[in-house]
Amino acid sequence: MALKNFGQQMLKVIKNLKLIFIIIATATEGILLKGFLGFISKYFEYQFELQTSTSTLITGAIALISVIAGTLLSAFLINRLKWTPKHCSIFCFVVYFLTSFCFFILLNYCPEMQFVNVDYGQADSFGARNCSACNCENRFNPVCLSTAPAKYIYLSPCHAGCLEEVPIKTYSKCKCLSIDAIYAMNDTSQNELTVSSDFCETKVKCLVGLIFNCLAAFLIVFLTAIALIPQLKAILGTVETDFQSFALGVRAAVVRIVGNCAGAILVGYAVDLTCKYWQRNCYNQKVCKLYKNKSMSFALTLIGFLCRLLSALFMLLASVLFIREERANNVAHFKSNTISLKDELNNTKNTTVINDESKCDEKTLKTTISDSSFQTNSSNVEKADISIESF
């Protein structure tokens, strides 16, 4: 019996187009939330060369503040403006459509580090000496030239051909330095030139771009959170009260499957495609050490824009169905009111006719009574006359 009821309820879900459209929009939002929240810290870390802790702190602050503010504001608007499920659906469509264009701010990328003496297989393309004999494999330890840290960056001390480690993280007697770097230092011999990983720790790159991207991320997450409560009320408005728990369960299942699984897989695969340098760790697993920042920005922008646009499209379809249903209910209500008014008018006419007939009957009865009394009086008079004459 329980399975039969479950099948009937699931059939109701499938036939309820408004509910289906809102659930699909919620699923695409789940892709954004689960996919982007898992990789947005990596985006900040590699785009602007931040430390992992710093990028995670920025992501957590943006998510925490924007979600709290967005949900509280949406609840206030619903109670203050007395929004119906139709209003909530239209509001979600407007928010999703406008915020889809905010993802284009992610195209503001920061160029990644350009390494000298390595082109991932082509050693001489950067104007460096042929150092293929160094056999530098599976090493990622960027070092920079002490005299020009921003211009001459090497993938590792091995790629710079360094033979000695003078102090910690500083290397000398580098045989594979760039020819341009050696010519630029006329008064310094090649053996005196040193490279170090400490020289690569410069200030945050593209600070203005970082600020703009943080503001864009805050705006996107805030407007996503502000649409959560209206979307939930729109779902509850598509079904009867007894059926609301089942509808919420179907929504949660779809979001978990599509959002948690597909979202992380889709965004993760797109990010991996933008990797520029892979390295194997101690467990022989491939780990990306350097990404193509331009490709990463384009991939995340495209995924965010398409998913948010799909959410807006399905919320628009749900809003159209809400409007049509409301118009149909208004027409039916108008027709029922018209019929009720006609019935009242007909009842009023019938009551008037009955009253007129009753009045006519009363008059007839009175006339009859008066005639009969007159005849009775006449007969009595005649009888009296006869009695007098006989007397």
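As the structure is a prediction and not an experimental result, all values here were calculated from the model.

## Here's the deal with the overall build of the protein chain
No. 1: A count of helical and extended segments in the protein chain gives 9 helices and 8 strands.
No. 2: By the burial criterion, 37% of the 391 residues in the protein chain qualify as buried.
No. 3: Taking as baseline every contact in the protein chain between residues at least 6 positions apart, the subset at least 24 positions apart corresponds to 72%.
No. 4: Summed over all atoms, the accessible surface of the protein chain reaches about 23300 Å², with 63% contributed by carbon and sulfur.

## As for the sheet that holds strand E4 (residues 164-165)
No. 1: Taken in spatial order, the 6 strands line up as E1-E3-E2-E6-E5-E4 in an open sheet, and their pairing is mixed. Strands at the two margins of the open sheet, each flanked by one partner only, are strand E1 (115-116) and E4.
No. 2: Strand direction decides the pairing type here: E4 and strand E5 (residues 170-172), joined by 2 bridges, are antiparallel. Each residue of the ladder has a partner; that of Glu165, found in E5, is Tyr171.

## A few points about the pattern of salt bridges
No. 1: By the definition in use, this model includes 3 salt bridges.
No. 2: For Glu29, the salt bridge is made with Arg308, and the minimal N-O distance between the two is 2.9 Å. One end of the pair, Glu29, is in helix H2 (residues 17-47); the other, Arg308, is in helix H9 (residues 293-390), and 279 residues separate them in sequence.
No. 3: The class of Arg308 is buried, set by a relative accessible area of 1%.
No. 4: For Lys86, the salt bridge identified is with Glu326, shortest N-O distance 2.8 Å. Here the residue Lys86 occupies a position in helix H4 (residues 85-99), and Glu326 occupies one in helix H9, the gap between them amounting to 240 residues.
No. 5: For Lys86, a relative accessible area of 17% gives the class buried.

## Quick notes on the environment of Lys18
No. 1: By the secondary structure assignment, Lys18 is in helix H2.
No. 2: By relative accessible area, which is 12% here, Lys18 ends up buried.
No. 3: Considered as a pair, Lys18 and Ile235 are 217 residues apart in the sequence and their alpha carbons are 8.1 Å apart.
No. 4: Discounting chain neighbours no more than four positions away, the residues touching Lys18 are Thr238, Ala318, Leu321, Phe322 and Glu325.

## Comments concerning the pairing of strand E8 (residues 286-291)
The side chains of a regular strand alternate, residue by residue, between the two faces of the sheet.
No. 1: Sheet analysis places strand E7 (residues 275-280) next to E8, joined by 5 bridges and oriented antiparallel. Paired with Arg280 across the two strands is Lys286, which belongs to E8.

## Brief notes about the packing of H2 against helix H7 (residues 228-236)
Packed helix pairs are characterised by how far apart their axes lie and by the angle those axes make with each other.
No. 1: Running from N to C, H2 and H7 point in directions that differ by 155°, and their axes come no closer than 9 Å. It follows that H2 is roughly antiparallel to H7 by the angle criterion. In this structure, H2 meets H7 at a crossing whose hand is left-handed. Listed contacts from H7 to Leu19, Ile22, Ala25 and Thr26 of H2 are Gln231, Ala234 and Ile235.
No. 2: Classifying every residue of the contact of H2 with H7 by side-chain character gives 5 nonpolar, 2 polar and no charged.

## Describing the state of the cysteines
No. 1: Throughout the structure, instances matching the rule amount to 1 disulfide.
No. 2: One disulfide bridge connects Cys275 with Cys288, the sulfur atoms lying 2.0 Å from each other. Across the S-S bond linking Cys275 and Cys288, the dihedral sits near 105°, which makes this disulfide right-handed. Here Cys288 lies in strand E8 and Cys275 lies in strand E7, a separation of 13 residues in the sequence. A single burial state applies to Cys275 and to Cys288, both of which are buried.

## Describing the packing of H2 against helix H6 (residues 207-226)
No. 1: Between H2 and H6, the shortest axis-to-axis distance is 12 Å and the interhelical angle comes to 160°. With respect to their mutual orientation, H2 and H6 come out roughly antiparallel. Considering the relative orientation of H2 and H6, their crossing is left-handed. In this structure, H2 contributes Glu29, Leu33, Tyr43 and Phe44 to the contact, and H6 contributes Leu210, Asn213, Cys214, Ala217 and Thr224.
No. 2: Of the residues belonging to the contact of H2 with H6, the class tally is 6 nonpolar, 2 polar and 1 charged.

Basis of the calculations
Residues numbered from 1 in each chain as written. Predicted model: local features only at pLDDT ≥ 70, side-chain atom pairs only at ≥ 80, totals over all residues. Heavy atoms only, no water. Helix = DSSP H or I, 4+ residues; strand = E, 2+ residues; numbered from the N terminus. Buried < 20%, exposed > 50% of the residue type's maximum accessible area, 1.4 Å probe, protein only. Contact = heavy atoms within 4.5 Å. Areas by Shrake-Rupley, 256 points an atom, 1.4 Å probe, with all protein chains shown as cover. Pairing = 2+ DSSP bridges. Salt bridge = Lys/Arg side-chain N within 4 Å of Asp/Glu carboxyl O. Axes fitted to C-alpha atoms, helices over the stretch in contact; angles between N-to-C directions. Parallel < 35°, antiparallel > 145°, perpendicular 65-115°, else oblique. Left-handed = near helix turned anticlockwise from the far one by under 90°. Nonpolar A, V, L, I, M, F, W, Y, C, P; charged D, E, K, R; others polar. Disulfide = S-S within 2.5 Å.

By themselves these figures say nothing about function.
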